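Residues per chain are reported as follows:
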Amino acid sequence: MMRVLPEGMQLGVASAAYQIEGAWNVSDKSPSIWDTYSDIPGTIKDNTTGKDACKSYEYYQRDIAMLNFLGIMFYRFSISWPRILPNGFANKISKDGSTYYNNLIDELLANGIEPVVTMYHWDLPQSLQDLGGWTNPLIADWFEDYARVLYDLYGDRVKTWITLNEPKQIGVYGYGATRMAPGINARGIGEYLSTKNMLMAHARAWHLYDKEYRSKQNGKIGITIATDYREGMTDDPDDVQAGIDAMDFEVGMYSHPIFSEKGGFPERVIKLVGEKSKQQGYPESRLPEFTKEETEFVKGTSDFYGFNHYSTKFYTRKTYKEGIYPVPSYDDDLGAEWSLLDYTPAILPHCTEIPHGIRKALKWVKDNCNNPPIMITENGFGTLSGLQDEARISYLVKYFNSILDAIEYDKCNVVCYTLWSIMDNFEWDSGLSAKFGIFEVDYNDEKRTRRPRASAFWYKNLVATRSLKPEYRPTLEDISF
Ligand code: BGC
């Protein structure tokens, strides 16, 4: 059945600085934690780094030509903190760094494409990590200073700001494990310290905008939270509770302080981490709670809900035993195990096709976050190669159907959809071999030539016709950028 996209629902594509820019040490740019981390042997599955990536710093005009080819309305990209502020601190603004984003923003606007700008997509200046990074509460000051620089430089033209991309991935994988930069293995501690500081930093940037910039710049500002869905493995009440708890740990930890009436961390998270901490002999809970003032300060600090979604996991406590996860740890605090049931895992399992999950996740946000305007800031599918990417198209068709169900039947307030990603890029710990692009990038070519995959033609058609035709498959044409 053909379905028409709601009027006003905007369509765009996304990328992030470290994943596409390259030029890691040009001019006065200083290293980010990803430059450092990807140099450590064994951290990146295919031993690549993002130091050159797609060379978008050099070839951004081709990126704009690709956006024009698609006909999309907005482009979500991120700004590299160490490129703008080589010291990490706001005492010195890089001339070349700030010019790069100036040119990018101006050319997007000249082409009728709205810039949607993420202020932090994981590439912290290494110099700030050396001072503790996101585990140091002073980072809220540093982030606010950085935010002010961005509003001053670009706020006359940028009308949509995203403070942080996916705090869970930053905290849990970066500070409570070694899977991502900076790879601080402070399990059960580092993820909670950094989470509180990230939320405080986010709120500082929001209040600054709200007080000093909103009336003259007239933009909006919010946060993007990884909102994959979690549910119980079966209808058994214990499993159902495990699913609810998993949603509170994975999503509520970040959304509840900002979007709920009550504010602060979700009650179940406070209870579970508190109880485990006590059993383990910690004098205080490993989860640092918000004070009353902080709770009030963080509440209500997002003009929209930035929603990233790839897949769903199913939880149970029946098979969980103490000792299957490191103690203490985030996984042990949740105290449950997950599986994909009998869904066939995708080549990159974190985007396994479970389309009903996106509808449930959107409904969860509506019900738990005060029915906010939802910007889908990422959704997409990873492959390993090929221009004929039927698996990606099939995933996108099913997920779009499910999003339309959420809008039409559940009345979720979805204002835009952003496809991840415009082109192949450095997929963090999976390196350059995991490919999320609707454009292929040839890394063997100095010029990083880009070619549209079948999915790029498919998306172009969706943008032009605004109708979802499940059977429609485009013909691949040999075009390059
Ligand atoms: C991140 C992206 C990443 C994508 C695909 C998201 O978690 O924001 O940077 O490339 O997932 O794995």
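Let me sum up the structure you'll find in this document. Worth saying up front: this structure is predicted, and the values here are computed from it rather than measured.

Cut-offs and rules
- Residues numbered from 1 in each chain as written.
- Predicted model: local features only at pLDDT ≥ 70, side-chain atom pairs only at ≥ 80, totals over all residues.
- Heavy atoms only, no water.
- Salt bridge = Lys/Arg side-chain N within 4 Å of Asp/Glu carboxyl O.
- Helix = DSSP H or I, 4+ residues; strand = E, 2+ residues; numbered from the N terminus.
- Pairing = 2+ DSSP bridges.
- Axes fitted to C-alpha atoms, helices over the stretch in contact; angles between N-to-C directions.
- Contact = heavy atoms within 4.5 Å.
- Expected span 1.5 Å × (residues − 1).
- Buried < 20%, exposed > 50% of the residue type's maximum accessible area, 1.4 Å probe, protein only.
- Arc of directions from axis to C-beta.
- Disulfide = S-S within 2.5 Å.
- Near = heavy atom within 4 Å.
- Polar contact = N/O pair within 3.5 Å; in protein donor to acceptor, adjacent residues only side chain to side chain.
- Nonpolar A, V, L, I, M, F, W, Y, C, P; charged D, E, K, R; others polar.

Quick look at the pattern of salt bridges
Two side chains bearing opposite charge may form a pair once their charged atoms approach each other closely.
Here comes step 1: Under the criterion given, the structure shown has 39 salt bridges.
Here comes step 2: The shortest N-O distance in the salt bridge between Glu267 and Lys262 comes to 3.1 Å.
Here comes step 3: For Asp332, the salt bridge is made with Lys276, and the minimal N-O distance between the two is 3.7 Å. Residue Asp332 is found in helix H13 (residues 330–334), and its partner Lys276 is found in helix H11 (residues 267–279); the two are separated by 56 residues along the sequence.

Some thoughts on the sheet that holds strand S5 (residues 160–165)
Consider a sheet: its strands pair through backbone hydrogen bonds, and that pairing is either parallel or antiparallel.
Here comes step 1: Taken in spatial order, the eight strands close into a barrel running S2-S3-S4-S5-S6-S8-S11-S12, and their pairing is parallel. Direction aside, the axes of adjacent strands within the sheet are offset by 25° on average.
Here comes step 2: For S5 and strand S6 (residues 220–226), the ladder comprises four bridges, and the chain directions are parallel. Within S6, the residue paired with Trp161 across the bridge is Ile221.
Here comes step 3: In the packing of helix H14 (residues 356–368) onto the sheet, the strands contacted are strand S8 (305–308), strand S11 (374–378) and strand S12 (414–420), and the crossing angle to S8 comes to about 160°.

Details of H14
Here comes step 1: An ideal rise of 1.5 Å per residue puts 18 Å on 13 residues; H14 measures up with 18 Å between its terminal C-alpha atoms.
Here comes step 2: Taken together, the buried positions of H14 are Gly357, Ile358, Ala361, Leu362, Trp364 and Val365. Along H14, the residues classed as buried sweep out an arc of 155° about the axis, all on the same side.
Here comes step 3: With its phi angle positive at about 70°, Asn370 sits one or two positions after the end of H14.

Regarding the state of the cysteines
The term disulfide refers to a covalent linkage connecting the sulfur atoms of a pair of cysteines.
Here comes step 1: Tallied over the entire structure, the rule returns zero disulfides.
Here comes step 2: Lacking any disulfide linkage, Cys369 is separated from the closest cysteine sulfur, that of Cys412, by 11 Å.
Here comes step 3: Look at Cys369 and you get buried, because its relative accessible area is 2%.
Here comes step 4: A relative accessible area of 4% means that Cys412 is categorised as buried.

Describing the site of the ligand
Here comes step 1: Around the ligand, a shell composed of 13 residues is seen, among which Gln19, Glu166, His350, Glu378 and Glu427 lie nearest.
Here comes step 2: Separating an oxygen atom of the ligand from a side-chain N or O atom of Trp420 is a distance of 3.1 Å.
Here comes step 3: Residues belonging to the shell around the ligand are distributed by class as follows: five nonpolar, five polar and three charged.

A word on the pairing of strand S3 (residues 74–78)
Here comes step 1: Burial runs high along S3: five of the five residues are buried.
Here comes step 2: With burial as the criterion, each face of S3 is covered, one bearing Phe74, Arg76 and Ser78 and the other bearing Tyr75 and Phe77.
Here comes step 3: Pairing between strand S2 (residues 10–14) and S3: three bridges, direction parallel. Note that in S3 the partner of Gly12 across the bridge is Phe74.
Here comes step 4: Summarising the sheet, S3 and strand S4 (residues 114–120) pair through five bridges and their orientation is parallel. Within S4, the residue paired with Ser78 across the bridge is Thr118.

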